[in-house]
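# Descriptive analysis of the structure
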Amino acid sequence: GTIWTAIPGYPGRIVRFDKATEEFETYIPPAPGHGGRGIDVDTNGDVWICLSGSSHVAKFERDKCAQTWGTGTQCPEGWTLWDIPGPVF
């Protein structure tokens with residue numbers, strides 16, 4: 001019942017829209033992550049995103065958030081970042 005999208009740019013963000021409540025939530029990846037491109041949601045509801053600006057693969061777990069409302073920086077505990085090996089372009 002929710003829709004997720006990635007908004008590229010610096011620092012970039014992911015946005016969740018809940019159709020039932022008609023409310024939006026926004027989440028910005030913590031530094032050094034930025035520049036999200038492409039998004040997928042797995043069967044557990046976790047969001048996977050390629051942070052091409054910083055050469056990371058990231059996973060966002062909303063259920064780890066102590067707070068879901070705010071300007072985007074309210075849930076650094078929901079993010080896990082992994083470095084993509086190789087040169088950064």
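Residues numbered from 1 in each chain as written. Predicted model: local features only at pLDDT ≥ 70, side-chain atom pairs only at ≥ 80, totals over all residues. Heavy atoms only, no water.

## Quick word on the state of the cysteines
Summed over the entire model, instances satisfying the criterion amount to 1 disulfide. The side chain of C65 participates in a disulfide bridge whose partner is C75; the two sulfur atoms lie 2.1 Å from each other. The sign of the -95° torsion about the S-S bond sets the C65-C75 disulfide as left-handed. With C65 in the loop between β6 (56-60) and β7 (79-83) and C75 in the loop between β6 and β7, the pair connects residues that are 10 residues apart, well separated along the chain. By relative accessible area, which is 13% here, C65 ends up buried. (Disulfide = S-S within 2.5 Å. Helix = DSSP H or I, 4+ residues; strand = E, 2+ residues; numbered from the N terminus. Buried < 20%, exposed > 50% of the residue type's maximum accessible area, 1.4 Å probe, protein only.)

## Let's talk about the pattern of salt bridges
On inspection of all chains with the given rule, the structure shows 5 salt bridges. Put simply, E25 and R62 hold a salt bridge, and the shortest N to O gap is 2.7 Å. Taken as a pair, E25 in strand β3 (residues 23-27) and R62 in the loop between β6 and β7 lie far apart in primary sequence, 37 residues in all. Between E61 and K64 there is a salt bridge, and its shortest N-O distance comes to 3.1 Å. Note on E61: relative accessible area 12%, which makes it buried. One salt-bridge network, in which partners are shared between bridges, spans D46, K59, E61 and K64. (Salt bridge = Lys/Arg side-chain N within 4 Å of Asp/Glu carboxyl O.)

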